[in-house]
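Notes for the structure review
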Amino acid sequence: MIKIHTYTNGFQEEYFEAVRKNVGIGDMKAVAASSKKFLPLDFFTAKDAEGRFRELILAPYKKLKEAEQYIRKNKMAEMEAECRDNHSPHKPQLTDLYYRLYKAFRDVAKSEKDGKSLRVRLVGNTGLTVCPYCNRDYINARARNASGAQLDHFFSRSKYPVFAVSLYNLVPACGNCNRIKSGGSKAFASPFDEEINFNQEVRFSYKAKKDGYIVKIETDNECMKNNLKHMKIREAYAIHERDIKMIIEKQMEYSKSQIEEFQKMFKELNDSGKIYITEDDVKRAVFGPPISEEDMKTRSLAKMYHDIYDKLGIYPVTARSDS
């Protein structure tokens, strides 16, 4: 629902260093060699093993998405042969190599720099304080080593252990979204997907009912439909019909004619050199300021409020961003 932009180069370097410290050089070389057997032929460009492992860890989301589709359609058997051992005592039943990579995630996430865990630093680098999946629950840190976010493996690390510590496979999310999504097998929409215009693809509106309003959330994007349905996003928003009701009641109370009355009253004061108030001043006092896409990263329910304000003509969107 909310787009996450690419991490800064500095943070990507910081992240890779944390991975390198928790995955031995021998395992780095072994994973680079093993994964070549099932990843797309053009996935790696580096000539040395550590360089290829680095490409795996810092691969942008688009590259991971294309690799997952390639494996699923063409190389699932080869990946299973490399990663899985049905006689392994591990849970999940992975080969020793990929189980070590699977487990390395926890050590990487807990690794600290200047007293801050990587999990906290990662969320901080996104600029998010609310979950990008639901734009509802807060995920801000509560201490330097106590993150309010969980890190969702967008492509399951038990099914795709090769992506267990890939940076752009980790989505900071609230506990509810992460827990519900982890039990699903559908093709979801990642907040890192630059091919999705989240502000346009997800649209909030409402429908009147006898005793109030129903919150409606619509999309034409198939992956976003899976997010909304299988992550129970619509169910989460059902209680926010009261917010819709509050907005509509405020709009009725402060109609355009009433706002004009306010302006007339203040104009009379202004004639004596005291004060002047615009229609926008009144709207900001009643509804708060307009909500930007950047606000959606830090304000709970901001996307819903933005769209309802647009629908009611309170803050109409005249030109939507393509970002």
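The structure reproduced in this document is the subject of the present report. (Residues numbered from 1 in each chain as written. Predicted model: local features only at pLDDT ≥ 70, side-chain atom pairs only at ≥ 80, totals over all residues. Heavy atoms only, no water.)

1. Some thoughts on the overall build of the chain
In terms of regular secondary structure, the chain is built from 14 helices and six strands. Expressed as a percentage of its 323 residues, the buried residues of the chain come to 47%. If you take every contact in the chain between residues at least 6 apart in sequence, the share linking residues at least 24 apart comes to 66%. Total accessible area on the chain stands at roughly 16,600 Å², and carbon and sulfur atoms take up 48% of it. Each charge sign in the chain was given a centre, from 56 positive and 46 negative side chains, and these centres are 4 Å apart. (Helix = DSSP H or I, 4+ residues; strand = E, 2+ residues; numbered from the N terminus. Buried < 20%, exposed > 50% of the residue type's maximum accessible area, 1.4 Å probe, protein only. Contact = heavy atoms within 4.5 Å. Areas by Shrake-Rupley, 256 points an atom, 1.4 Å probe, with all protein chains shown as cover. Lys, Arg positive; Asp, Glu negative; His and termini not counted. Charge placed at Lys NZ, Arg CZ, Asp CG, Glu CD.)

2. Focus on unusual backbone geometry
Residue proline 92 is bonded to the preceding lysine 91 through a cis peptide linkage, with omega at 0°. The phi dihedral of asparagine 135 is positive, around 50°, even though this residue is not glycine. Relative to the assigned elements, asparagine 135 resides in the loop between helix 6 (118–126) and strand 3 (150–153). A residue is classified by how much of its surface remains accessible, and asparagine 135, at 0% relative accessible area, is buried. At lysine 232, a residue that is not glycine, the phi angle is positive and equals roughly 60°. Following the sequence through the fold, lysine 232 ends up in the loop between helix 9 (222–230) and helix 10 (233–237).

3. A few points about the packing of aromatic side chains
On inspection of all chains with the given rule, the structure shows 18 aromatic pairs. Measuring from ring centre to ring centre gives 5.1 Å for tyrosine 168 and phenylalanine 192, while their planes differ by 85°; the resulting arrangement is edge-to-face. Taken together, the residues tyrosine 168 in the loop between strand 3 and strand 4 (170–173) and phenylalanine 192 in the loop between helix 7 (175–182) and helix 8 (198–201) connect sequence positions 24 residues apart. Residue classification places phenylalanine 192 among the buried residues on the basis of a relative accessible area of 5%. (Phe/Tyr/Trp six-rings, centres within 6.5 Å; stacked < 30°, edge-to-face > 60°.)

4. A short note on the pairing of strand 5 (residues 203–209)
Across seven bridges, the pairing between strand 5 and strand 6 (residues 212–218) is antiparallel. Among the inter-strand pairings, serine 205 is bridged to a residue of strand 6, identified as lysine 216. Once strand 5 ends, the chain turns through two residues before running back antiparallel as strand 6. (Pairing = 2+ DSSP bridges.)

5. Some thoughts on the pattern of salt bridges
What the rule picks out here adds up to 20 salt bridges. Glutamate 14 is the salt-bridge partner of arginine 121, the closest N and O atoms lying 2.4 Å from each other. Of this pair, arginine 121 sits in helix 6 while glutamate 14 sits in helix 1 (residues 9–22), and the two are 107 residues apart along the sequence. Taking the shortest distance from any N to any O, the salt bridge between lysine 225 and glutamate 222 comes out at 3.1 Å. Of the two residues, lysine 225 and glutamate 222 are both situated in helix 9; the distance of three residues between them amounts to about one turn of the helix. Accessibility expressed as a relative area gives 35% for lysine 225, which makes it partly exposed. Taking the relative accessible area as the measure of exposure, glutamate 222 reaches 53% and is therefore exposed. It is possible to trace a salt-bridge network through shared partners that takes in Glu14, Lys113 and Arg121. (Salt bridge = Lys/Arg side-chain N within 4 Å of Asp/Glu carboxyl O.)

6. Things to note about the packing of helix 1 against helix 6
With their axes 11 Å apart at the nearest point, helix 1 and helix 6 run at an angle of 160° to one another. By the angle between their directions, the pair helix 1 and helix 6 is classed as roughly antiparallel. Relative to helix 6, the crossing made by helix 1 is left-handed. Side by side, helix 1 and helix 6 meet where Phe11, Glu14, Tyr15 and Ala18 of the first sit next to Leu118, Arg121, Leu122 and Asn125 of the second. Each residue belonging to the contact of helix 1 with helix 6 can be placed in one class, and the counts come to five nonpolar, one polar and two charged. (Axes fitted to C-alpha atoms, helices over the stretch in contact; angles between N-to-C directions. Parallel < 35°, antiparallel > 145°, perpendicular 65-115°, else oblique. Left-handed = near helix turned anticlockwise from the far one by under 90°. Nonpolar A, V, L, I, M, F, W, Y, C, P; charged D, E, K, R; others polar.)

7. Examining the packing of helix 2 (residues 25–35) against helix 5 (residues 96–110)
In contact at an axis separation of 10 Å, helix 2 and helix 5 are set at 115° when each is read in the N-to-C sense. It follows from the interaxial angle that helix 2 and helix 5 lie roughly perpendicular. In the crossing of helix 2 with helix 5, the sense of the turn from one axis to the other is left-handed. Residues Asp27, Ala30, Val31, Ser34 and Ser35 of helix 2 lie in contact with helix 5, whose contacting residues are Leu97, Tyr98, Arg100 and Leu101. In terms of residue class, the contact of helix 2 with helix 5 is made up of five nonpolar, two polar and two charged.

Nothing here speaks to function; it is all geometry.
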